[in-house]
Amino acid sequence: TQLLEQSPQFLSIQEGENLTVYCNSSSVFSSLQWYRQEPGEGPVLLVTVVTGGEVKKLKRLTFQFGDARKDSSLHITAAQPGDTGLYLCAPLPGMDSSYKLIFGSGTRLLVRP
Amino acid sequence: SAVISQKPSRDICQRGTSLTIQCQVDSQVTMMFWYRQQPGQSLTLIATANQGSEATYESGFVIDKFPISRPNLTFSTLTVSNMSPEDSSIYLCSVRQGTPHNYGYTFGSGTRLTVV
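All of these numbers come straight from a predicted model, not from anything done at the bench.

(A) Geometry of the overall build of chain A. Within chain A, the secondary structure is distributed over zero helices and ten strands. Its C-alpha radius of gyration of 14 Å places chain A within 12% of the 13 Å reference for a compact globule of 113 residues. In terms of principal-axis extent, the alpha carbons of chain A reach across some 45 × 30 × 20 Å. By the burial criterion, 44% of the 113 residues in chain A qualify as buried. Long-range pairs, those at least 24 residues apart, make up 53% of the contacts in chain A with a sequence separation of at least 6. When the accessible surface of chain A is split by element, carbon and sulfur atoms take 52% of a total near 5,500 Å².

Here it is, written out as structure tokens:
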């Protein structure tokens, strides 16, 4: 069972469209990370959010951490085929969890040209 | 960040056989991890590879099926034993590096295993 549930599970959109994916939990986290995994590669860190309500922007990607630090969202503006991949969220682990990085269920995004 | 080399990148194996996957890091790291990614799924943690001692396995994974070695701070292997088609997955290694208050995780490109 994933600690973090991500939605939607799969999203197929046309190039130029906007989209939002969600990462939800009943637990409170001190910080949350978003990764993207492209086909044939390992996940790559996109961002870490640490403060409730925090918004971080990475070019066309906007990340938000919920006020209660239980959820997060990723919004992509004007999606491009290069955004295709598996988007994963994970709480940044600490010593209390033996530094084990546990991923959410993931959102698979396909951006069609 | 560390550069991870994983070998092989892919393999097709007969059921009942075993495959050993290697993970080589270009710098010494304190923590190494192994993950499994079943088709169309997220990553699931198999175990933490401990240098000089037995690996720490997550629920649902056992040493007899997934023996792990970590002889030093830059290298680890994962063996998938007595394989069945259900073991067809991508297997990835990961390392944690940095200071106690500023650290991150890097992943290898994975080993795509198909069991026939």
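Okay, back to it.
(B) Representation of the pairing of strand S4 (residues 31–37) of chain B. All names here are of chain B. Most of S4 sits inside the fold, with seven of its seven residues counted as buried. Residues Met31, Phe33, Tyr35 and Gln37 point to one face of S4 and Met32, Trp34 and Arg36 to the other, with burial holding for every one of them. For S4 and strand S9 (residues 89–99), the ladder comprises seven bridges, and the chain directions are antiparallel. When the sheet's bridge partners are listed, arginine 36 is paired in S9 with tyrosine 91.

(C) Examining the sheet that holds strand S10 (residues 107–112) of chain A more closely. Residue and element names in this part refer to chain A. Sheet architecture is open: five strands sit in the order S2-S10-S9-S4-S5, paired in mixed fashion. Each edge of the sheet is formed by a strand with only one pairing partner; in this case those strands are strand S2 (10–14) and strand S5 (44–49). When the angles between neighbouring strand axes are averaged without regard to direction, this sheet yields 20 degrees. Bridging between strand S4 (residues 32–37) and S5 involves five bridges; their strand directions are antiparallel. Residue pairing in the sheet places arginine 36 in a bridge with valine 44 of S5.

Quick notes on the rules
- Residues numbered from 1 in each chain as written.
- Chains lettered and ligands numbered in written order.
- Predicted model: local features only at pLDDT ≥ 70, side-chain atom pairs only at ≥ 80, totals over all residues.
- Heavy atoms only, no water.
- Helix = DSSP H or I, 4+ residues; strand = E, 2+ residues; numbered from the N terminus.
- Rg over C-alpha atoms; globule rule 2.2 N^0.38 Å.
- Buried < 20%, exposed > 50% of the residue type's maximum accessible area, 1.4 Å probe, protein only.
- Contact = heavy atoms within 4.5 Å.
- Areas by Shrake-Rupley, 256 points an atom, 1.4 Å probe, with all protein chains shown as cover.
- Pairing = 2+ DSSP bridges.
- Axes fitted to C-alpha atoms, helices over the stretch in contact; angles between N-to-C directions.

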